[in-house]
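The primary structure of each chain is shown beneath.
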Amino acid sequence: NRCIALTLTLALASCEASVNAGSEQNAIDRHDWLAQSIDGVAVSNPERVTLSLANGTVSGRGGCNQYSGPVEYGNGHIKTGPLISTKMACAETGLMQLEQKFLGALQTASTYTVSVHPELTITTADGPLIFRVSPRQSPP
């Protein structure tokens, strides 16, 4: 009886882990994300720095320009490929530097977590990228 109980407990634990991982991944896909902070520095206008993940692609606004690139993620791990972006210049003070910092950090992404709020934290070599949820935008 102990062997059966232990096997059942392990089977249930593995089912719960996969359900949670799938729910976390679905939460990332289901929403667009607005940047709250980049490496501990608050983003003054979160709507300017966004992130969306769908169909193996990461995309959004980097502050001034649109960006996109390949992405793989699941089970708390994330890896982005080379990112491409439009090349518009922005006159707003500090916006181009913010964009460079964000895109540089995003290309070194390694892990992610989604909290209950939901809030998305992506760990990068340059520090954490923290996003809050935004309703999914319709593609143009």
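Residues numbered from 1 in each chain as written. Predicted model: local features only at pLDDT ≥ 70, side-chain atom pairs only at ≥ 80, totals over all residues. Heavy atoms only, no water.

Draft legend 1. Spatial organisation of the environment of proline 46. Locating proline 46 in the fold gives a position in the loop between β2 (41-42) and β3 (50-54). Judged by its relative accessible area of 12%, proline 46 falls in the buried class. Once you skip the residues sitting within four places of it in the chain, proline 46 turns out to touch Leu34, Ala35, Gln36 and Arg132. (Helix = DSSP H or I, 4+ residues; strand = E, 2+ residues; numbered from the N terminus. Buried < 20%, exposed > 50% of the residue type's maximum accessible area, 1.4 Å probe, protein only. Contact = heavy atoms within 4.5 Å.)

Draft legend 2. Region of the structure containing the nonpolar core. Core analysis: the biggest nonpolar cluster contains 26 residues, and Leu51, Phe102, Leu106, Leu120, Ile122 and Phe131 have the highest contact counts within it. Contributing elements (two or more residues each) for this core: α1 (2-30), β1 (31-38), β3, β5 (66-74), α2 (95-106), β8 (111-114), β9 (119-124) and β10 (127-135). At four residues, α2 tops the list of elements feeding residues into this core. Aside from chain neighbours lying at most four places away, what touches leucine 106 is Leu51, Val58, Tyr67, Thr80, Leu83, Ile122, Thr124 and Leu129. (Core = buried A, V, L, I, M, F, W, Y, C linked by side-chain atoms within 4.5 Å.)

Draft legend 3. Here's a closer look at the pairing of strand β4 (residues 57-61). Along β4, the buried face is formed by Val58 and Gly60; none of Thr57, Ser59 and Arg61, which line the opposite face, is buried. Bridging between β3 and β4 involves three bridges; their strand directions are antiparallel. Paired with alanine 54 across the bridge in β4 is threonine 57. Linking β3 back to β4 in an antiparallel pair, the connection comprises two residues, with asparagine 55 at a positive phi of about 50°. (Pairing = 2+ DSSP bridges.)

Draft legend 4. Local environment of the packing of aromatic side chains. Inspection of the entire model under this criterion finds three aromatic pairs. Residues tyrosine 73 and tyrosine 112 carry aromatic rings whose centres are separated by 6.4 Å and whose planes lie at 80° to one another, so their mutual orientation is edge-to-face. Here tyrosine 73, found in strand β5, pairs with tyrosine 112, found in strand β8; they are 39 residues apart in sequence, far enough to count as distant. Take tyrosine 73: its relative accessible area is 17%, and that puts it in the buried class. Summarising the aromatic geometry, the rings of phenylalanine 102 and phenylalanine 131 are spaced 6.2 Å apart at their centres and angled 70° between planes, so their arrangement reads as edge-to-face. Remark: phenylalanine 131 occurs in strand β10 and phenylalanine 102 occurs in helix α2; sequence separation between them is 29 residues. The same class applies to phenylalanine 102 and to phenylalanine 131, which are both buried. Taken together, the aromatic side chains of Tyr67, Phe102 and Phe131 make up a single cluster linked through ring pairs. (Phe/Tyr/Trp six-rings, centres within 6.5 Å; stacked < 30°, edge-to-face > 60°.)

Draft legend 5. The pattern of salt bridges, seen in detail. Counted by the stated rule, this structure contains three salt bridges. A salt bridge links aspartate 39 to lysine 101, with the nearest nitrogen and oxygen atoms 3.7 Å apart. With aspartate 39 in the loop between β1 and β2 and lysine 101 in helix α2, the pair connects residues that are 62 residues apart, well separated along the chain. The exposure class of aspartate 39 is partly exposed, given its relative accessible area of 34%. Arginine 48 is the salt-bridge partner of glutamate 92, the closest N and O atoms lying 3.0 Å from each other. In this pair, glutamate 92 sits in the loop between β7 (84-85) and α2 while arginine 48 sits in the loop between β2 and β3, placing the two residues 44 residues apart along the sequence. (Salt bridge = Lys/Arg side-chain N within 4 Å of Asp/Glu carboxyl O.)

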